[in-house]
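Take a look at the letters that make up each chain.
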Amino acid sequence: MLDTLNIRNTYERYHAHVYFNEETKLIAKELCELSNSKFGLKVGNFHEKLVGPHPMWSCQISVDAKDFDTFIPWLDENRQGLTIFIHALSGDNMYDHTELTAWLGEEVPLNLDFFIQLEKERAAQKAQ
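Residues numbered from 1 in each chain as written. Predicted model: local features only at pLDDT ≥ 70, side-chain atom pairs only at ≥ 80, totals over all residues. Heavy atoms only, no water.

**Student:** Before we go on, may I ask you to explain the overall build of the chain in this structure?
**Tutor:** Along its length, the chain carries 4 helices and 5 strands. Its helices and strands in sequence order give the chain the pattern β-α-β-β-α-β-α-β-α, from N to C terminus. Taking 128 residues into account, the globule formula puts the C-alpha radius of gyration at 14 Å, and the chain, at 15 Å, falls close to it. On the principal axes, the C-alpha backbone points of the chain span a range of 50 × 35 × 25 Å. The buried share of the chain, taken over its 128 residues, is 36%. Put simply, of all contacts in the chain between residues at least 6 apart along the chain, 65% involve residues at least 24 apart. When the accessible surface of the chain is split by element, carbon and sulfur atoms take 47% of a total near 7,600 Å². (Helix = DSSP H or I, 4+ residues; strand = E, 2+ residues; numbered from the N terminus. Rg over C-alpha atoms; globule rule 2.2 N^0.38 Å. Buried < 20%, exposed > 50% of the residue type's maximum accessible area, 1.4 Å probe, protein only. Contact = heavy atoms within 4.5 Å. Areas by Shrake-Rupley, 256 points an atom, 1.4 Å probe, with all protein chains shown as cover.)

Here's what the structure looks like:
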């Protein structure tokens, strides 16, 4: 399964964003809780709203390189039809969310304008 992903385990850290909606939120919550209890991974907030570039409700799971090769196949096997967006953390948000990505399930277009707006706001703050 890992050999079919667009990214390889070559970075120190990754995020797996579990996407869900009203009908699938209980499945997503259980999957995120299992990620924590079974692997000891940090699970972020369970957002029942759009956050950042994510086009669906989501919950972020932080994955270190040491867990990647075990956790990602487990996640794929246990996602029960949920879409999961995975990306590496290189320090460049746009690159991370466009080039260092993999999808488990259906690929969903991200709101990449979020990063463009964020950079404009940062530049404006620096100019003050």
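**Student:** What should I look at first to understand the nonpolar core in this one?
**Tutor:** Nonpolar side chains in soluble globular proteins tend to end up buried together. Core analysis: the largest hydrophobic core is formed by 26 residues, its most contacted members being V18, I61, F68, F71, L75, I84 and I86. If you list the elements that add at least two residues to this core, you get strand 1 (13-20), helix 1 (25-39), strand 3 (57-64), helix 2 (65-78), strand 4 (84-88) and strand 5 (101-104). Per-element accounting of this core gives the leading share, 5 residues, to helix 2. When neighbours within four sequence positions are excluded, I61 is seen to be in contact with Y14, H15, A16, V18, C32, S35, L41, K42, V43 and F71. Core analysis: the next-biggest nonpolar cluster, separate from the first, contains 5 residues, Y19, F85, W103 and V108 among them. (Core = buried A, V, L, I, M, F, W, Y, C linked by side-chain atoms within 4.5 Å.)

**Student:** Just to check I follow, could you spell out helix 1 for this structure?
**Tutor:** At 3.6 residues per turn, the α-helix brings residues three or four places apart onto the same side. Across its 15 residues, helix 1 extends 21 Å between first and last C-alpha, which sits within 8% of the 21 Å expected from 1.5 Å per residue. Along helix 1, the positions that sit buried rather than exposed are A28, L31, C32, S35 and F39. Looking straight down helix 1, one finds its buried side chains confined to an arc of 95 degrees; they lie on one side. Set apart from the buried face of helix 1 by more than 90 degrees, the exposed residues are L26, S37 and K38. For helix 1, the elements touching its buried residues are strand 1, strand 2 (42-47), strand 3, helix 2 and strand 4. G40 sits one or two residues past helix 1 and shows a positive phi near 70 degrees. (Expected span 1.5 Å × (residues − 1). Arc of directions from axis to C-beta.)

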